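Single-letter residue listing:
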Amino acid sequence: MNDDWIRVASGVFQRRYRPLDISIGVIVGRTGLVIVDTRGNPSEAEEILRDVAEDFALPIVAAINTHAHYDHTFGNQVFVAQGIPIFGHHRIPQHFAQHEERRLEKVRKRPESEPDKQWVDVDLTAPTVLVDAPLRIEPGGRVIELLPLAPGHTDTDLAILVPDARVWFLGDVIEQSGPPMYGSGSYPLAWPDALRGLLREIRSDDVIVPGHGSVVDRAFVQAQASQLQAVAEEIRAAHDEGIAPDDVQLGRSLHEYWPESFLRSAVRDAYARLSNE
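Since the structure is predicted, the reported quantities are computational estimates derived from the model, not experimental observations. (Residues numbered from 1 in each chain as written. Predicted model: local features only at pLDDT ≥ 70, side-chain atom pairs only at ≥ 80, totals over all residues. Heavy atoms only, no water.)

### Some remarks on the packing of aromatic side chains
- Tallied over the entire structure, the rule returns 8 aromatic pairs.
- Judged by centre distance (5.4 Å) and plane angle (80°), the rings of Trp 5 and Phe 56 are edge-to-face. With Trp 5 in the segment before β1 (6-9) and Phe 56 in the loop between α1 (42-55) and β5 (60-64), this residue pair connects regions lying 51 residues apart in the sequence.
- In this structure Trp 5 comes out as buried when scored by relative accessible area, which is 5%.
- Accessibility expressed as a relative area gives 9% for Phe 56, which makes it buried.
- Taking 5.1 Å as the distance between ring centres and 70° as the angle between the ring planes, the aromatic pair formed by Tyr 70 and Trp 119 counts as edge-to-face. Linking Tyr 70 in helix α2 (residues 70-73) with Trp 119 in the loop between α4 (92-109) and β7 (129-131), this pair joins segments that are 49 residues apart in sequence. (Phe/Tyr/Trp six-rings, centres within 6.5 Å; stacked < 30°, edge-to-face > 60°. Helix = DSSP H or I, 4+ residues; strand = E, 2+ residues; numbered from the N terminus. Buried < 20%, exposed > 50% of the residue type's maximum accessible area, 1.4 Å probe, protein only.)

Structural data, given as structure tokens:
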């Protein structure tokens, strides 16, 4: 097997692809493979299929989207064209319409706005099996549990547990190779609570595969939840004091962890949701 596949537990593998250091998972069952996330365009999805065919003897029988963002879903069309079912959060079609579709059209009209995106051939494709409640599936003969999460990184976050190996794939609810990303439909004030709810299900010795970066443990998730909580508390305090969003100045310790653009996105999204409330 190619060394690029990292064995994180028995029959569970992660591969970290460029660009973006994105995690792609392979869950090996008795009769087939399940792929976690499909990357950011058709050619990247096709690369997954080639790599899997070279290194695993079994066919791909299903895929799962951890959430709606482009770098995890814009390869969906390639899998669907192969007749591979894709599981994903039931709100992904709505999220596509509100966020990913608009961004895709903008880049098509003005390619210079994001010249690194190869989206000419993207056909925005939602999961074929929409999940709106905890679901236990056995594609390929291995049990996998799907847990829709409360809004956090997005309102489409889906936790994936391989229970016999105690491995979680969490998408961008957790990130290791960089700070968690706000924007594109994030819920900065609710995100810490979503993580705390998830932590009630995670055991101390569980293996956690983040959306970007190397595997982490429960303590890492707890620490990142605390950092997200600090952002939420400062934004809520600023709002309660009547400070306009453009005038919010978050603390120095937060700027040591997050870039300014991420924190601006957090303020903008949080204020918008507070206004809706």
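Now that the structure is up, let's keep going.
### Quick notes on the pattern of salt bridges
- Per the counting criterion, the structure on display carries 16 salt bridges.
- One salt bridge in this structure joins Arg 110 and Glu 112, with 3.8 Å as the shortest N-O distance.
- Here Glu 145 ties to Arg 136 by a salt bridge, and the two come within 3.0 Å at their closest N and O atoms.
- The class of Glu 145 is partly exposed, set by a relative accessible area of 28%.
- A cluster of three or more residues bridged by salt bridges with shared partners is formed by Asp 4, Arg 15, Asp 51 and Asp 55. (Salt bridge = Lys/Arg side-chain N within 4 Å of Asp/Glu carboxyl O.)

### Observations regarding unusual backbone geometry
- The omega angle of the peptide bond from Arg 18 to Pro 19 is 0°, so this bond is cis rather than trans.
- Residue position: Pro 19 is located in the loop between β2 (12-17) and β3 (22-28).
- If you check the backbone angles, Arg 166 has positive phi at about 55° while not being a glycine.
- Since its relative accessible area comes to 15%, Arg 166 is described here as buried.
- Positioned with a positive phi, Ser 184 is a non-glycine residue whose angle comes to about 50°.
- Of note, Ser 184 is situated in the loop between β11 (167-171) and α5 (191-199).

### Quick look at the nonpolar core
- Of all hydrophobic cores here, the largest spans 33 residues; its most connected members are Trp 168, Leu 170, Leu 195, Leu 198, Val 231 and Ile 235.
- For this core, the secondary-structure elements that each account for two or more residues are β10 (158-162), β11, α5, α6 (218-240) and α8 (260-276).
- With 7 residues, α6 is the largest single contributor of residues to this core.
- In this structure, Leu 198 is in contact with Leu 147, Leu 149, Ala 159, Trp 168 and Leu 170, ignoring residues within four places of it in sequence.
- In terms of nonpolar packing, the next biggest core, distinct from the first, is built from 21 residues, Ile 137, Leu 146, Ile 160 and Val 167 among them. (Core = buried A, V, L, I, M, F, W, Y, C linked by side-chain atoms within 4.5 Å. Contact = heavy atoms within 4.5 Å.)

### Description of the pairing of β10
- Across the 5 residues that make up β10, a large majority, 5, are buried.
- The two faces of β10 match: Leu 158, Ile 160 and Val 162 on one face and Ala 159 and Leu 161 on the other face are all buried.
- Direction of pairing for strand β9 (residues 144-148) relative to β10: antiparallel, over a ladder of 4 bridges. By the bridge assignment, Leu 147 is partnered in β10 with Ala 159.
- Hairpin remark: β10 followed by β11, antiparallel, with 4 residues in the connecting loop; positive phi at Arg 166, about 55°. (Pairing = 2+ DSSP bridges.)

### Considerations on the packing of α6 against α8
- Between α6 and α8, the shortest axis-to-axis distance is 10 Å and the interhelical angle comes to 55°. Taken together, the axes of α6 and α8 are oblique relative to one another. In this structure, α6 meets α8 at a crossing whose hand is right-handed. Contacts between α6 and α8 involve Val 231, Ile 235, Arg 236, Ala 238 and His 239 from the former and Leu 263, Ala 266, Val 267, Ala 270, Tyr 271 and Leu 274 from the latter.
- Looking at the contact of α6 with α8 residue by residue, the class counts come to 9 nonpolar, 1 polar and 1 charged. (Axes fitted to C-alpha atoms, helices over the stretch in contact; angles between N-to-C directions. Parallel < 35°, antiparallel > 145°, perpendicular 65-115°, else oblique. Left-handed = near helix turned anticlockwise from the far one by under 90°. Nonpolar A, V, L, I, M, F, W, Y, C, P; charged D, E, K, R; others polar.)

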